[in-house]
Amino acid sequence: MILERRQEINRELRDSIEKTLQESTEFLQNNLDSSQILDYKYTTDEAEKEMGLEADLVNELVEDYVIQIIKSKTQFLQYIQTLQTAKEKFIEPDYTLLRELSHKNLGVAKNLRIKDAIHILNELMKKDDLAYLTLCVKILEACAIRLNPKCAYKTLKLIDIKNSLTNYFKE
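A. Geometry of the overall build of the protein. Helix and strand counts for the protein come out as 7 helices and 0 strands. Counting helices and strands in the order they occur from the N terminus, the protein gives α-α-α-α-α-α-α. In the protein, which comprises 171 residues, the proportion classed as buried is 38%. Counting only contacts in the protein whose residues sit at least 6 apart along the sequence, the fraction spanning at least 24 positions is 68%. When the accessible surface of the protein is split by element, carbon and sulfur atoms take 51% of a total near 10700 Å².

B. Highlighting the pattern of salt bridges. Applying the stated criterion across every chain yields a total of 5 salt bridges. One salt bridge in this structure joins Glu123 and Lys127, with 4.0 Å as the shortest N-O distance. Since its relative accessible area comes to 10%, Glu123 is described here as buried. Note on Lys127: relative accessible area 35%, which makes it partly exposed.

C. Inspection of the nonpolar core at higher detail. Ranked by size, the top nonpolar core spans 43 residues in total, and within it Tyr42, Tyr65, Leu121 and Leu140 carry the most contacts. Mapped onto this core, the elements with two or more residues apiece are helix H1 (2-30), helix H3 (55-88), helix H4 (96-112), helix H5 (115-126), helix H6 (130-147) and helix H7 (149-170). Looking at this core element by element, the count peaks at 12 residues for H6. Residues contacting Tyr42, with those up to four places away along its chain left out, are Ala47, Val58, Val62, Leu112, Arg113, Ile114 and Leu147.

D. Fine view of the confidence of the model for the protein. Residues at a pLDDT of 70 or more form 88% of the protein, whose mean pLDDT is 86. When mean pLDDT is taken per element in the protein, H4 scores highest with 97 and H1 scores lowest with 73.

E. Highlighting a negative patch on the surface. A cluster of like negative charges, contributed by Glu54, Asp56, Glu60, Glu63 and Asp64, occupies part of the molecular surface. Structurally, the position occupied by Glu60 is in helix H3. Looking at Glu60, the relative accessible area reads 49%, which means it is partly exposed.

F. Region of the structure containing the side chain of Ser72. Within the fold, Ser72 resides in helix H3. The residues touching Ser72, leaving out its near neighbours within four places in the chain, are Leu101 and Asn105.

G. The arrangement of the packing of H3 against H6 in detail. For the pair H3 and H6, interaxial distance at closest approach is 9 Å and the crossing angle is 170 degrees. One way to sum up the angle between H3 and H6 is to call them roughly antiparallel. From H3, Val62, Tyr65, Val66, Ile69, Lys73, Phe76, Leu77, Ile80, Leu83, Gln84 and Lys87 reach across to H6, where they touch Leu130, Leu133, Thr134, Val137, Leu140, Glu141, Ala144 and Leu147. Residue classes in the contact of H3 with H6 are distributed as 14 nonpolar, 2 polar and 3 charged.

H. Structural detail: H6. Here H6 is 18 residues long and its end C-alpha atoms lie 26 Å apart, about the 26 Å a rise of 1.5 Å per residue gives. Within H6, 13 of the 18 residues are buried, leaving the element largely enclosed by the surrounding structure. Sitting at the amino-terminal end of H6 is Asp129, which places a side-chain oxygen 3.0 Å from the backbone nitrogen of Ala131.

I. Inspection of unusual backbone geometry at higher detail. Although it is not a glycine, Phe90 adopts a positive phi angle of roughly 60 degrees. Considering the arrangement of structural elements, one finds Phe90 in the loop between H3 and H4. For Arg113, which is not glycine, the phi torsion reads 60 degrees and is therefore positive.

Parameters at a glance
Residues numbered from 1 in each chain as written. Predicted model: local features only at pLDDT ≥ 70, side-chain atom pairs only at ≥ 80, totals over all residues. Heavy atoms only, no water. Helix = DSSP H or I, 4+ residues; strand = E, 2+ residues; numbered from the N terminus. Buried < 20%, exposed > 50% of the residue type's maximum accessible area, 1.4 Å probe, protein only. Contact = heavy atoms within 4.5 Å. Areas by Shrake-Rupley, 256 points an atom, 1.4 Å probe, with all protein chains shown as cover. Salt bridge = Lys/Arg side-chain N within 4 Å of Asp/Glu carboxyl O. Core = buried A, V, L, I, M, F, W, Y, C linked by side-chain atoms within 4.5 Å. pLDDT = per-residue confidence, 0-100. Patch = residues over 30% accessible without salt bridge, like charges linked within 9 Å, V, L, I, M, F, W, Y side chains within 5 Å. Lys, Arg positive; Asp, Glu negative; His and termini not counted. Charge placed at Lys NZ, Arg CZ, Asp CG, Glu CD. Axes fitted to C-alpha atoms, helices over the stretch in contact; angles between N-to-C directions. Parallel < 35°, antiparallel > 145°, perpendicular 65-115°, else oblique. Nonpolar A, V, L, I, M, F, W, Y, C, P; charged D, E, K, R; others polar. Expected span 1.5 Å × (residues − 1). Polar contact = N/O pair within 3.5 Å; in protein donor to acceptor, adjacent residues only side chain to side chain.

Printed below as a string of structure tokens:
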């Protein structure tokens, strides 16, 4: 019974990843400058050369980046929700937290020369349309998944396990 439930959860997680990738492709075909993102394939060459690091170390840094983006997605969406709530209450929205998180991730993306992420994070730094920003966060997650699908899957699985344990102990 437990094994079957775990297999179902893993299948749901894989389906979620596939859906995220599919939705991001559709969005990119109709929005942004998709030529900079849709067909983008990251290589470590430029980061290795610019930072003077070995490929293995750059790949580890890319894995750390993927983990950070997937973890940051929840924060991004919470900040956007807070901004939406402020707008609904006719309060001037303060984009500071959203911009700071974008800036932090942008620095890492620039150092690793991850061009699709740089483009999307720049959008998060500049734009104010909350629906558009929400889509950008989803695209950012999809780009991170594309960078290292195995790492993304493991991260999402760990987050799922953590959430289920948290919920279990709340009851």
